[in-house]
Structure formats: C-alpha cells, structure tokens
Amino acid sequence: MGNNQNELGIKQGIAPRGSELVKNSTVHPSPFIVIFLISLALPISFFIGSIRLSPYRVVIILLFIPGFLALLSGKLGKIRATDKCMMLFAAWGAIALFVTTPFDSAVQAVGIFIIESLGAYLIGRSLIRNEKTFQQFLRAIFIMLLVMLPLALYETITDHPIVLDTIRPFFNVIPKGNQAPRFGLHRAQVVFEHPILYGAFASSLLGLMYYAKIVRSKPVGGIGWLVAASFASVLSLSSGALAALFVQYVLIGWDKITKTIAYRWRILSALIVSVYLLIDLLSNRTPFHVIVTYLTFSTGSSYNRILIWNYGTAEVWRHPFFGIGFADWEHPSWMSSSMDNFWLVIAVRYGLPAFILLAAAFIFLFRDVGRIKYTNNNIIKYRSGIFTSLAGLIIAGCTVDYWNAIYCWFLFLLGSGVWMLRDDFDDGMRRTSASQDKHRAIYVVGNSDSTFYPRGHGN
C-alpha cells in the first residue's frame, strides 16, 4: 500500500516524504545568474596592481569557491564525466603554463586561466539546477539580445558604438576595433572587443531561442525569435557567426523533417562523414581547405585560415604535451599573430591533452544527456536548444577564436546543460532504462517525443 501511495504521489507531482524530490524542490532561481550575464556585457575593466579585472571576472572570483565546494561535496549531485574533464582541463592548463612561462608571469596567467575556464563552467553548473533556473537564464539572454539588436543595427549603419562611446569618459573601456567595412556596412561589436565575439554570442542564441517554450507563444513564436537571432548575428558580418548559424539551421531543419525516421541522428552523422570523404576523393584540396573556403567571406581570408592551420598544427607537433604558453608561434613575418581557430589555440597554448580534455567535456555532455528519455516536453526542447547552440559554437570555433567574455560564455553554456543529468524527478523529468520501462506510465507528465540521440525512441 505504501508503494502505491508513493507511485500515486509521483504521478500527481507530489514528492514522497524523505525522497530526493523534497531535497531538491527548494532550488530557486538565483539573482547571480542575471548578474553574471550582465557582467559579460559590461565593456569596462580596472586594475588591482598588475592584474586586469573586469565585471565578469569579479563575479566569477566571488562564486568560484562556493561553486567548487558545492561540486566536490555532492550538493550539485554526482560528479559527472564532464565535470571531471573540466577539472582536469583546468589542472593541465595550469601545469602547462607553469612549464612554459616564467614563474612570476605564470602565477597571474594560471589564476586568470582557472577563473575563466573552470570558474565560468562552475557558474553554469551550480546556478542552473532545474527547469525554473534554466528558464530564468533564457529570459535574461532574450532580453540581452533585444537590447543589443538596435545598438548593433545602428553601429552597422553609422560605425558608432553607442555604449562604448557613452561610457568611455567615465571608465576604462575596450577600444573600438578598426575593422574594414564589408558589403558597404560596418561590423558591429556592440559591447565586445571584436565583431567576431558579438557575432559568436548572438549566433549562439539561435538554437535556444527557437526551441525554448518560453518564447514560442504568439505573435512572435519560434520562427520570429529565429529571425531575430539570425539578423543580430549577421550584423557582425563575421564568417564565424554565419558558420554557427548554418550549423544550427541544418540541425533544426533535419530535426523537423526526420521526426518519424529511426536512428535519424546516426544517419546525419553518417551523411556528414560521407560528404567529407567524397570531398576528399573528388577535390585536389583537403576537405578542410574546401570547407574553410566556403565558410569565409573572401579568398584572402580563407587562405589566411589555411596558413594558420598549417603553421599552427606544425607548432602543436613540435610541442605536443605542454604547448608554448603565451609565446609567439612560428609563422611568416607577414602573417598576423592572431590565430583564428579556437580549438587550435587551445592545443598550441596548452598542449594536446588540454584540447582532448576540453573536447571530451562537450562529447560526454552530448552523450550522457542525449541518451536519456525525458517525459517532460519542456526539457526535451531545452535539450534540443542547448545542443543546437553548442554545436554551432563548436563548429564556428574552427574558424574563429573565443576569448575573454565569450570564452567564459562558451564554458558557462556547457555547464548550464549538466542539470539535465539529475536523477530526481522534481522538474517533471525522468531518467529511464530498459528495466524501468514497464513503470514509465507512472511518470508521464508531458509529450514523450524526444530529440538528439535518446534511447528507445527510434532516434
């Protein structure tokens, strides 16, 4: 009789006494989510001694120890494979910097690296713990996009960054980039150091906006937000932003037209591999060279990225374990020292183990969250949104670099998806396995359709 009462309670959304439901039902939205997101968009900095601080770094420093202790103590649930990879990534990067950098300089560099890498991840991991806090995060970034969009449009037309110029007399503000116009339009950077970074931020919102139920109501709907995020991204006139948009449109389109097809994501993976091999067979250039050519605005830009890849990978093989730190990489004197490839920068600066650990953190999140069957349609949509947005940033990172606030945004976004691995059911979600399927009807609270590699749903 007691078991039946517990089952009935779960079916009605009532937590049985003493269960994980009661313990975790007190998780409420934190104002620090909004504070952190606003801090990413504040283009000011100041110095304490020789250390340059910015608002987002201050927020991360304040939240780092509580978040790290909460993770180690089990207050955030089990330590997941993604958590382990991120901790090892931070540790290896710190060791690599001590190996490659003079000690006096290394101490400061290591502190900044750990704060921006593990710290930004921990903020997403510790503050976004359930559907309610994830919704708060979505509302905040939607408002940020709406505020930035007219500012970006004005800057694209006039080359006048309103925010930067308005607060420059009062604060130490990031400089206005001297970027050549494209197609007769200026490149918007809004509140970031470079149009590439603004474009990366705006484009990363597309998947989240399209799938999030919170903005799918009339008259805007998912399509309206999709157009808004796309338009905002295009104003940066960045090839990286366009690459991120392209990847997300492909994933959204495939999701729409293949809902009834079994193993559809495995099929898409096979098609991508097949296209890559076909290009390799039919072209006298490598598939990487061909893809980069079509992902950039000009022949000169694509050629530069190919040179970056050639010289950058050569640097990796010369220093495979600890990288070269912040030393200059070997390249022709007529080339810019800028390396427009996020993943390559990680390998060159901190070594191949750092690249492998960071890539594995994303792979494990996709694998572990993707194999869960949820019964809450909201969470199914959130999973699709976070996966789509992350996929866009991952691919775009092959053509642009992420640094400062956008680097932190990228890793925060990674941490913000780990809550979907929780083992309790207070958010109306349910992890199931084959042995539990016979009891699944008890927990159904929403649409059982699923996307992105869930087991048992023909995907």
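Residues numbered from 1 in each chain as written. Predicted model: local features only at pLDDT ≥ 70, side-chain atom pairs only at ≥ 80, totals over all residues. Heavy atoms only, no water.

**Focus on the overall build of the chain**
Per the secondary structure count, the chain includes 19 helices and three strands. Here the chain holds 459 residues, and 53% of them are scored as buried. For the chain, the accessible surface area stands at approximately 20700 Å², while carbon and sulfur atoms represent 66% of it. (Helix = DSSP H or I, 4+ residues; strand = E, 2+ residues; numbered from the N terminus. Buried < 20%, exposed > 50% of the residue type's maximum accessible area, 1.4 Å probe, protein only. Areas by Shrake-Rupley, 256 points an atom, 1.4 Å probe, with all protein chains shown as cover.)

**Considerations on the pattern of salt bridges**
Scanning all chains against the criterion turns up ten salt bridges. In this structure, the salt-bridge partner of D159 is K176, at a minimum N-O distance of 3.1 Å. Residue D159 is located in the loop between α7 (131–158) and α8 (162–167), and its partner K176 is located in the loop between β3 (172–173) and α9 (195–203); the two are separated by 17 residues in the primary sequence. Its relative accessible area of 33% is what places D159 among the partly exposed residues. Classification of K176 as partly exposed rests on a relative accessible area of 27%. With a shortest N-O distance of 3.9 Å, D255 and K259 are connected by a salt bridge. Of the residues examined, D255 reaches a relative accessible area of 2% and is grouped as buried. (Salt bridge = Lys/Arg side-chain N within 4 Å of Asp/Glu carboxyl O.)

**Remarks on helix α16 (residues 342–350)**
Among the nine residues in α16, eight count as buried, and that is most of the element. When α16 is considered as a whole, its buried residues turn out to be F342, W343, L344, V345, I346, A347, V348 and Y350. With a side-chain oxygen positioned 3.2 Å from the backbone nitrogen of W343, the residue opening α16 is N341. G351 occupies a position one or two residues after α16 and carries a positive phi of about 95°. (Polar contact = N/O pair within 3.5 Å; in protein donor to acceptor, adjacent residues only side chain to side chain.)

**Quick word on the environment of I95**
Topologically, I95 is positioned in helix α5 (residues 81–100). I95 gets classed as partly exposed once you look at its relative accessible area, which sits at 42%.

**Some remarks on unusual backbone geometry**
Its identity as a non-glycine residue notwithstanding, V190 has a phi of 60°, on the positive side. By the element assignment, V190 lies in the loop between β3 and α9. The class of V190 is buried, set by a relative accessible area of 3%. Backbone geometry at N404 places phi at a positive 50°, although glycine is not the residue there. For N404, the location among the structural elements is in helix α19 (residues 404–415). Accessibility expressed as a relative area gives 15% for N404, which makes it buried.

**Quick word on the confidence of the model for the chain**
Per-residue confidence for the chain gives a mean pLDDT of 83; residues scoring 70 or more make up 82%. Throughout residues 1–25 the model reports pLDDT below 50, and contacts reaching past four residues in sequence, or to other chains, amount to 21 contacts. (pLDDT = per-residue confidence, 0-100. Contact = heavy atoms within 4.5 Å.)

**Quick look at the nonpolar core**
One finds L37, F134, F137 and W409 to be the most contacted residues of the largest nonpolar core, which totals 108 residues. The element contributing the most residues to this core is α7, with eleven residues. With sequence-adjacent residues up to four places away left out, W409 is seen in contact with L37, L40, F137, I141, F201, S204, L205 and L393. (Core = buried A, V, L, I, M, F, W, Y, C linked by side-chain atoms within 4.5 Å.)

**Focus: the packing of aromatic side chains**
Counted under the stated rule, the structure contains 25 aromatic pairs. Between F342 and F410 the ring centres are 5.6 Å apart and the planes differ by 75°, which places this aromatic pair in the edge-to-face class. In this pair, F342 is assigned in helix α16 and F410 in helix α19, connecting sequence segments 68 residues apart. Relative accessible area serves as the criterion here: at 1%, F342 is assigned to the buried category. Among the residues examined, F410 registers a relative accessible area of 1% and is labelled buried. (Phe/Tyr/Trp six-rings, centres within 6.5 Å; stacked < 30°, edge-to-face > 60°.)

**Describing helix α17 (residues 352–370)**
An ideal rise of 1.5 Å per residue puts 27 Å on 19 residues; α17 measures up with 26 Å between its terminal C-alpha atoms. Taken together, the buried positions of α17 are A354, L357, L358, A359, A360, A361, F362, L365, F366, D368, V369 and G370. Check the buried side of α17 and you find it contacts α5, α16, α18 (377–396) and α19. (Expected span 1.5 Å × (residues − 1).)

**Regarding the environment of R80**
Inspection of the secondary structure puts R80 in the loop between α4 (55–73) and α5. C-alpha of R80 to C-alpha of V418: the two residues are 338 residues apart in sequence and 8.3 Å apart in space.

**Focus: the packing of helix α3 (residues 31–40) against α19**
Running from amino to carboxyl end, α3 crosses α19 at an angle of 145°, the nearest separation of the two axes being 9 Å. Counting all contacts with α3, which are made through F36, L37 and L40, the residues of α19 involved are A405, C408, W409 and F412. Looking at the contact of α3 with α19, its residues break down into seven nonpolar, no polar and no charged. (Axes fitted to C-alpha atoms, helices over the stretch in contact; angles between N-to-C directions. Nonpolar A, V, L, I, M, F, W, Y, C, P; charged D, E, K, R; others polar.)

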